[in-house]
Amino acid sequence: MGSPAQVVTVRVPAKVNVQLAVGPPRADGFHDLANVFLAVGIHDHVTAAPADALAVTCAGPGSDDVPLDPEANLAARAATLLAALHGIEPAVRLHIDKDIPVAGGMAGGSADAAGALLACDTLWGTATPRPELLKLCAELGSDVPFSLVGGAALGRGRGELLTGLPVSGAFHWVFALAEGGLSTPAVYRECDRLRDAEGVHPPRPEPTPALLDALRDGDAHALAATLANDLETAALSLRPSLAATLAAGAEAGALAGLVSGSGPTCAFLAEDADAAARVAAALRAGGTCRDARATTGPAAGATTIESHA
Ligand SMILES: C[C@](O)(CO)[C@H](O)COP(=O)(O)OP(=O)(O)OC[C@H]1O[C@@H](n2ccc(N)nc2=O)[C@H](O)[C@@H]1O
Ligand SMILES: Nc1ncnc2c1ncn2[C@@H]1O[C@H](COP(=O)(O)OP(=O)(O)OP(=O)(O)O)[C@@H](O)[C@H]1O
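- Named according to an unreviewed UniProt entry, the protein chain is 4-diphosphocytidyl-2-C-methyl-D-erythritol kinase originating from Streptomyces radicis.
- Its UniProt record gives the protein chain the following Sequence similarities (unreviewed entry) comment, quoted word for word: "Belongs to the GHMP kinase family. IspE subfamily."
- In UniProt, the protein chain has this text filed under Pathway (unreviewed entry): "Isoprenoid biosynthesis; isopentenyl diphosphate biosynthesis via DXP pathway; isopentenyl diphosphate from 1-deoxy-D-xylulose 5-phosphate: step 3/6."

Written out as structure tokens, the structure is:
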């Protein structure tokens, strides 16, 4: 074990799924995916400090909807899991500064779990090897391994089996944040229900080669032409008002738009930073969303930004 620090803060990014191909439901209730993740510049911060017992606090937009009970909060569950691995008590005070929309389809809870793992590992000096940390991430949730590694990656299995993807430069994004969230299991269920009703049998999910090329080449137009989310129809079915948000982004000059993951956040790809600022301003003025944020991706994965005694 290394020498323990006293307070550790970790910054963790949100994600957008530039491709989300969803197979049929598996026996364990999950779906096999071809999940092309891109980390983007909206971040939560997780701070870990020594305490007598595990406790969590949370501040920022939507924090009232984050459970603080250590059995429910994903960051607290991450601390408990890491402590159990090392046979120590999870004696830590975790504080989450939220900027990632809660239940927004941008992996906010997953980010907090990955951030807490890294923060506690540093605080406790447990120096857990990265493959072990990634195993703990996968136990905590399908999106959590990606929150730790960031950048861009293809997720197979239920999304937890990652292969890093090369990306040239940065893509410019605008995120239209919605009022209220959508439940991820409910969106997957709705996807299955709609497919059953229409007699659709999805093929084995595979990444689109042209989309991977677009990422590698940093070609925003080619990426715009290949963005695809199999959960979008289900999210729109549960939240029909998202159609107006998607239309508003297209009207404002986005190259393309799609629902982010299980929604309800909508993501728009823009030509450059100026175009992104214009799309964000038009979305804010149009009233089809709670707020709009311009940013870029890929972003780095969970990163320690402060560690001091
Ligand atoms: C929609 C995405 O955000 C796209 O990246 C993810 O697939 C969801 O990942 P997550 O929130 O980490 O999901 P988990 O916590 O692992 O699972 C929550 C629930 O989502 C559904 N789920 C999730 C992942 C997956 N491949 N198939 C599923 O059907 C299941 O009902 C599961 O019980
Ligand atoms: N630290 C946490 N931050 C946010 N939500 C949490 C946290 N811990 C538990 N939750 C619960 O998880 C639910 C999903 O929230 P989250 O913000 O992770 O959704 P999401 O971004 O749509 O997830 P994903 O994109 O990974 O499917 C929330 O409704 C909340 O009850």
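More follows now that the structure is in view.
1. Some details on the overall build of the protein chain
Now for step 1: When you go through the protein chain residue by residue, the secondary structure sums to 10 helices and 12 strands.
Now for step 2: In summary, the protein chain has a C-alpha radius of gyration of 19 Å against a globular reference of 19 Å for 309 residues, a match within 12%.
Now for step 3: In terms of its C-alpha atoms, the protein chain occupies a principal-axis envelope of roughly 55 × 45 × 35 Å.
Now for step 4: Burial analysis of the protein chain (309 residues in total) assigns 51% to the buried set.
Now for step 5: Sequence separation of at least 24 residues holds for 76% of the intrachain contacts in the protein chain that already meet a minimum separation of 6.

2. Observations concerning the sheet that holds strand β7 (residues 171–177)
Now for step 1: Pairing is antiparallel in the open sheet, where four strands are placed in the order β9-β10-β7-β11. Looking at which strands have only one partner, the edges of the open sheet turn out to be β9 (256–259) and β11 (291–297). Shown here is a sheet whose adjacent strand axes are inclined to one another by a mean of 25°, direction ignored.
Now for step 2: Where β7 lies against strand β10 (residues 266–270), five bridges are found, and the strand directions are antiparallel. Bridging from a neighbouring strand, H172 pairs with A270 of β10.
Now for step 3: Where helix α10 (residues 273–286) meets the sheet, it contacts β7, β10 and β11, and its direction lies at approximately 10° from that of β7.

3. Comments concerning the site of ligand 2
Now for step 1: L74, G108, G109, D112 and T184 are the nearest of the 23 residues found near ligand 2.
Now for step 2: Only α1 (74–86) and α2 (108–123) provide two or more residues apiece to the shell around ligand 2.
Now for step 3: The element that contributes the greatest number of residues to the shell around ligand 2 is α2, accounting for four residues.
Now for step 4: Of the residues assigned to the shell around ligand 2, the class counts are 10 nonpolar, 10 polar and three charged.
Now for step 5: In this structure, the shell around ligand 2 is formed jointly by two domains, domain 1 (7–165) and domain 2 (171–297), each of which donates at least three residues.

Rules behind the numbers
- Residues numbered from 1 in each chain as written.
- Chains lettered and ligands numbered in written order.
- Predicted model: local features only at pLDDT ≥ 70, side-chain atom pairs only at ≥ 80, totals over all residues.
- UniProt positions renumbered as here; feature names shortened; annotations may be inferred.
- Helix = DSSP H or I, 4+ residues; strand = E, 2+ residues; numbered from the N terminus.
- Rg over C-alpha atoms; globule rule 2.2 N^0.38 Å.
- Buried ≥ 20, exposed ≤ 12 C-beta atoms within 10 Å, placed from the backbone.
- Contact = placed C-beta atoms within 7 Å.
- Pairing = 2+ DSSP bridges.
- Axes fitted to C-alpha atoms, helices over the stretch in contact; angles between N-to-C directions.
- Near = placed C-beta within 6 Å.
- Nonpolar A, V, L, I, M, F, W, Y, C, P; charged D, E, K, R; others polar.
- Domains from an automatic or database assignment.

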